[in-house]
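Okay, here's what each chain looks like letter by letter:
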Amino acid sequence: MTTTATRTAQPPTAADTVVSFENVTKSYGPVRAVDGLSLALHPGETVALLGPNGAGKSTTLDLLLGLRPPDSGSVRLFGTSPREAVAAGRVGAMLQSGGLMEDVTVRELVSLGCSLHPRPYPVDEVLTRAGVDDIAGRMVNKLSGGQEQRVRFALATAGRGDLIILDEPTTGMDVTSRQAFWATMREQAAQGRTVLFATHYLEEADAIADRVLVLAKGRLLADGTAAEIKAKAGARKVSFDLDDRDAAQEHVLRALPALTAYERHGATVRLQTRDADATVHALYALGLYPRNLEVAGLGLEQAFIALTEETSK
């Protein structure tokens, strides 16, 4: 998949800022969930928020929506407080937590969401865009998990917001629903809206986001395109095949220089290394003869693991 939205061609100014975190901290007792976080989001960006469990992603979204106040620092949306921006209808949110009203139909629930929004879309348009028009007459308590997610998306986009916040939006959706969902999100970004989504599906971040934020221990560990995040990890993948005799020399292979990971399946060896040139040179110096040798950069998931594991040491 490719993304339609692109980052602002000219350096953005303060007037272009949709979201601003300035040295924000938030603690729960002795646990520092957000630790000096500073970042800015701009119109038309599609931004993935990544991080291991406990990285501070949920707290960051809570601060962004005004659900919790920061202990220190400043959180601003469109130059105002988060609560003011939400009240003005400039923000739509799809969160993991919180249930849906059950004893109503999908249409009744979405109609309520539209009626409460300062700048609503027509109900039928919202239902169609979210892909729930075919289940509009169904009771909410009769929905599958994926259908519930699409209803949450309908509520998040019931009005003409400028910022859409999504927390694990495609959990429970099948492949077709996920593709349709992200096609809609690309359309929203193309119209100038900012889309921020937290996800554990790193392939989605790689395919959809034009900017990736990586949190670890409440701090911003990396900020850039998916390609820049992969480069920041600094490691490379080396894979090759050996004959049975050479592949049996596992202790020798594990001792190759600069290795950060080793994996073997039969005669196929897959390595992760900080210095691919040194690793391959040493491989040949041992008198081994690798076949189908490939050297490549890390995927986003592997880069994410490498970056966050380094931070946890």
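Parameters and conventions
- Residues numbered from 1 in each chain as written.
- Predicted model: local features only at pLDDT ≥ 70, side-chain atom pairs only at ≥ 80, totals over all residues.
- Heavy atoms only, no water.
- Helix = DSSP H or I, 4+ residues; strand = E, 2+ residues; numbered from the N terminus.
- Polar contact = N/O pair within 3.5 Å; in protein donor to acceptor, adjacent residues only side chain to side chain.
- Contact = heavy atoms within 4.5 Å.
- Pairing = 2+ DSSP bridges.
- Phe/Tyr/Trp six-rings, centres within 6.5 Å; stacked < 30°, edge-to-face > 60°.
- Buried < 20%, exposed > 50% of the residue type's maximum accessible area, 1.4 Å probe, protein only.
- Lys NZ or Arg CZ within 6 Å of the ring centre and 35° of its normal.
- Core = buried A, V, L, I, M, F, W, Y, C linked by side-chain atoms within 4.5 Å.

> Break down the side chain of Glu 204 for me, with residues and values.
Structurally, Glu 204 can be placed in helix H7 (residues 202-208). Here Thr 170 takes part through its side chain, which lies 2.7 Å from a polar atom of the side chain of Glu 204. Only 3.1 Å separates the side chain of Glu 204 from the side chain of Trp 182, close enough to count as a polar contact. Apart from residues lying up to four places away in sequence, Glu 204 is in contact with Thr 170, Arg 178, Trp 182, Phe 197, Thr 199 and Ala 209.

> Outline the pairing of strand S10 (residues 236-241), supporting the account with residue identities and numerical values.
Two strands pair when backbone bridges link them, and S10 and strand S12 (residues 268-273) are joined in this way by 6 bridges, in the antiparallel orientation. Each bridged residue has a counterpart across the sheet, and for Asp 241 the counterpart in S12 is Thr 268. Relative to strand S13 (residues 291-297), S10 is paired through 5 bridges, and the arrangement is antiparallel. Within S13, the residue paired with Lys 237 across the bridge is Ala 296.

> Which residues make up the packing of aromatic side chains, and what values go with them?
Centre distance and the angle of the planes are the two values used to describe a pair of aromatic rings. What the rule picks out here adds up to 3 aromatic pairs. Seen in terms of ring centroids, Phe 181 and Trp 182 are 4.9 Å apart; in terms of plane orientation they differ by 85°. Their pairing is edge-to-face. Just as Phe 181 is buried, Trp 182 falls in that class too. Where Trp 182 meets Phe 197, the ring centres are 4.6 Å apart and the plane angle is 55°; that geometry is what we call tilted. You can see Trp 182 sitting in helix H6 (residues 175-190) and its partner Phe 197 sitting in strand S7 (residues 194-198), a full 15 residues away along the chain. By the burial criterion, Trp 182 is buried, and Phe 197 matches it. Taking the ring centre of Phe 78 as reference, the NZ or CZ of Arg 90 above it sits at 3.8 Å. A cation over an aromatic ring shows up here: Arg 178 above the ring of Tyr 201, its NZ or CZ 4.2 Å from the ring centre.

> If you had to explain the nonpolar core to someone new, which residues and values would you point to?
Among the nonpolar cores identified, the biggest contains 50 residues, and Leu 50, Val 106, Val 132, Leu 166, Phe 181, Met 185 and Val 212 are the most heavily contacted of them. When residues of this core are assigned to their parent elements, the largest contribution, 5 residues, is made by helix H12 (residues 300-312). For Val 132, the residues in contact, after removing those within four places along its chain, are Val 106, Leu 127, Arg 150, Val 151 and Ala 154. Membership of the second largest hydrophobic core comes to 26 residues, among which are Val 34, Leu 41, Val 47 and Leu 63.

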